[in-house]
Amino acid sequence: MAENYDVAIIGAGAAGMMCAIEAGKRGRRVIVLDHAKAPGEKIRISGGGRCNFTNIHTTPKAFLSANPHFCKSALARFTPQDFLAMVERHGIAWHEKTLGQLFCDDSAKDIIRMLLTEIREAGVSLKLSTAIEAVERGVGGYRVLTSEGRIDCASLVIATGGKSIPKMGATGFAYKIAEQFGLSLLETRPGLVPLTLDPSELERLASLSGVAVDARASVGKASFDEALLITHRGLSGPAILQISSYWREGGDISLRLLPALDIAKAVKDARRGQGKQALQTVLSEHLPKRLAQFFVELAGLHTKSLADLSDKVIDGFCARLSDWRIKPAGSEGYRTAEVTLGGIDTGELDSRTMQARNIDGLFFIGECVDVTGWLGGYNFQWAWASGFAAGQAA
Ligand code: FDA
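Residues numbered from 1 in each chain as written. Predicted model: local features only at pLDDT ≥ 70, side-chain atom pairs only at ≥ 80, totals over all residues. Heavy atoms only, no water.

1. Re the sheet that holds strand S17 (residues 324-326)
If you walk across this open sheet you meet the seven strands as S17-S16-S13-S14-S15-S12-S18, and the pairing is antiparallel. A strand with exactly one partner marks an edge of an open sheet, and here the two such strands are S17 and strand S18 (330-331). The sheet strands contacting helix H11 (residues 289-298) are strand S13 (212-219), strand S14 (222-230), strand S16 (253-257) and S17, and the helix crosses S17 at an angle near 90 degrees. (Pairing = 2+ DSSP bridges. Helix = DSSP H or I, 4+ residues; strand = E, 2+ residues; numbered from the N terminus. Contact = heavy atoms within 4.5 Å. Axes fitted to C-alpha atoms, helices over the stretch in contact; angles between N-to-C directions.)

Okay, structure coming up:
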């Protein structure tokens, strides 16, 4: 026998749970279905276990999308302050780490508990370990065939996320449903992901494995000042994760080491007072020692003292530190990517409600939509905001 609901939401992640809470509060009879054993698994592992749950500097500029205007309406109607108010209402201790990024003091599990409490209070049913076998149009709505029986609903919300981290249950489900209903998709690719290097480049940089340094990573007009980490597989750290969302195969990235420092001036100042010093010694005051050594040897300046170096040589050397070009071989892919770029074409959705423009009662929210945030709490803010928008309408 079929169960009957006003709203069925597939996906008990960040977006799905927020949508359920809002729809439930409106008095809608809501069920959330998920194939996983536990809800909010990505919330649990996010932010190193402390969940970077929002960013107080959220603006539409922090999102990549073929239509940069699409996210504006939802982000304006559910803001970081709105989410923070919920966090505070539940007595969850939080702190700002850096760059407007808000984290739980204790554990990401506090956010999951908060959402589950809200879900319960809104009278929402939650069905886990439930495989979705098919979705069909039914009389007055939709019919969801699951391993646990049939659900009939007036509104169907797809909140199954992107393809990132398949080991945690990510599937391309949302894209399949979009295709089934004739909605167009934009090419998907891993975002916020470490970049890999080819074997010869890895060998060249082998002595730098484990080195971390402040850098400005740029591709075209996009650039991010954050930490760069060189690993035994390639490049990582926040600066690289950020720029990975803009990088395309075959292109290179530019790294400006120590973007806040005028390195040439620092070297010339040192030459004035301590001309006998080696270039490497001065650089090591600012850069990790192994990195300083790498660049000085690369330039063939390791036997010179500062007094031997002309302004021209110093400027030429420092220019290399300001525009270190690296051509990644690829990325680590969905295995480690934090998000999926691309997805459901926003042109197919109403930006106020997330409902498919031409299909009554069918909604898409969260990461499966072609809206992807920078690193730093923006992706959860999109999940909350798009979930809230659909929750008001479904
Ligand atoms: P989400 O992936 O959260 O939820 C989808 C749900 O659908 C899951 O519960 C899944 O089991 C279910 N599902 C999938 N396929 C299904 C199917 N076929 N049938 C039934 N159910 C199905 N962002 C941020 O802002 N701050 C942070 O600190 C981090 N940290 C972070 C760390 C790591 C390691 C990752 C991988 C990602 C992050 N993110 C992040 C990104 C953030 O986790 C992501 O953007 C949101 O979880 C997206 O929310 P959704 O609800 O759209 O999908």
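From this point, the discussion proceeds with the structure in view.
2. With respect to the UniProt feature "domain: RsdA/BaiN/AoA(So)-like insert" (unreviewed entry) in the protein chain
Those places that UniProt annotates as "domain: RsdA/BaiN/AoA(So)-like insert" (unreviewed entry) correspond, in this numbering, to residues 189-339. Helix makes up 34% of residues 189-339 and strand 24%, with an end-to-end C-alpha separation of 9 Å. (UniProt positions renumbered as here; feature names shortened; annotations may be inferred.)

3. Considering unusual backbone geometry
Positive phi, close to 50 degrees, is recorded for Leu 99, a residue that is not glycine. Assignment of secondary structure puts Leu 99 in the loop between strand S5 (94-96) and strand S6 (101-104). Within the chain, Met 354 stands out as a residue other than glycine whose phi angle is a positive 70 degrees. Among the secondary structure elements, Met 354 is positioned in the loop between strand S19 (339-344) and strand S20 (362-364).

4. With respect to the sheet that holds S5
Sheet architecture is open: three strands sit in the order S3-S6-S5, paired in antiparallel fashion. At either margin of the open sheet sits one strand with a lone partner, and together these are strand S3 (52-55) and S5. Neighbouring strand axes in the sheet, compared pairwise and without regard to direction, differ in orientation by 25 degrees on average. Bridge count between S3 and S6: three bridges; the pairing is antiparallel. Bridging across to S6, Thr 54 finds its partner in Leu 102. Running at roughly 140 degrees to S3, helix H4 (residues 80-89) makes contact with S3, S5 and S6 of the sheet.

5. Here we look at the packing of aromatic side chains
Under the criterion given, the structure shown has 13 aromatic pairs. An angle of 20 degrees between the planes, with centres 5.5 Å apart, marks the rings of Phe 380 and Trp 384 as stacked. Remark: Trp 384 and Phe 380 occur in helix H13 (residues 378-393); sequence separation between them is four residues, near one turn of the helix. With respect to burial, Phe 380 and Trp 384 carry one shared label: buried. Site record: aromatic cluster; members linked through ring pairs are Phe 63, Phe 224, Tyr 246, Trp 374 and Tyr 378. Above the ring of Phe 103, the side-chain terminus of Lys 97 is found at 4.8 Å from the ring centroid. (Phe/Tyr/Trp six-rings, centres within 6.5 Å; stacked < 30°, edge-to-face > 60°. Buried < 20%, exposed > 50% of the residue type's maximum accessible area, 1.4 Å probe, protein only. Lys NZ or Arg CZ within 6 Å of the ring centre and 35° of its normal.)

6. Points about helix H9 (residues 263-273)
Taken as a whole, H9 has its buried residues at Ile 263, Ala 264, Ala 266, Val 267, Lys 268 and Ala 270. In this structure, the buried side of H9 is in contact with S16, helix H10 (279-284) and helix H12 (311-322).

7. Regarding the pattern of salt bridges
Evaluation of the coordinates by the stated rule reveals 19 salt bridges. Taking the shortest distance from any N to any O, the salt bridge between Glu 3 and Lys 127 comes out at 2.8 Å. You can see Glu 3 sitting in strand S1 (residues 3-10) and its partner Lys 127 sitting in strand S7 (residues 125-127), a full 124 residues away along the chain. Overall, the relative accessible area of 22% leaves Lys 127 in the partly exposed class. The salt bridge partner of Asp 269 is Arg 272, with a shortest N-O separation of 3.3 Å. Of this pair, Asp 269 and Arg 272 both sit in helix H9, separated by three residues, roughly a single helical turn. Through salt bridges with shared partners, a single network forms among Arg 143, Arg 150 and Asp 152. (Salt bridge = Lys/Arg side-chain N within 4 Å of Asp/Glu carboxyl O.)

8. Considering the environment of Asp 360
Residue position: Asp 360 is located in the loop between S19 and S20. By relative accessible area, Asp 360 is classed as exposed at 61%. Sequence separation of Asp 360 and Ile 31 is 329 residues, and the distance between their C-alpha atoms is 19 Å. In this view, Asp 360 contacts Arg 137, Tyr 142 and Gln 355; residues no more than four positions away in its chain are not counted.

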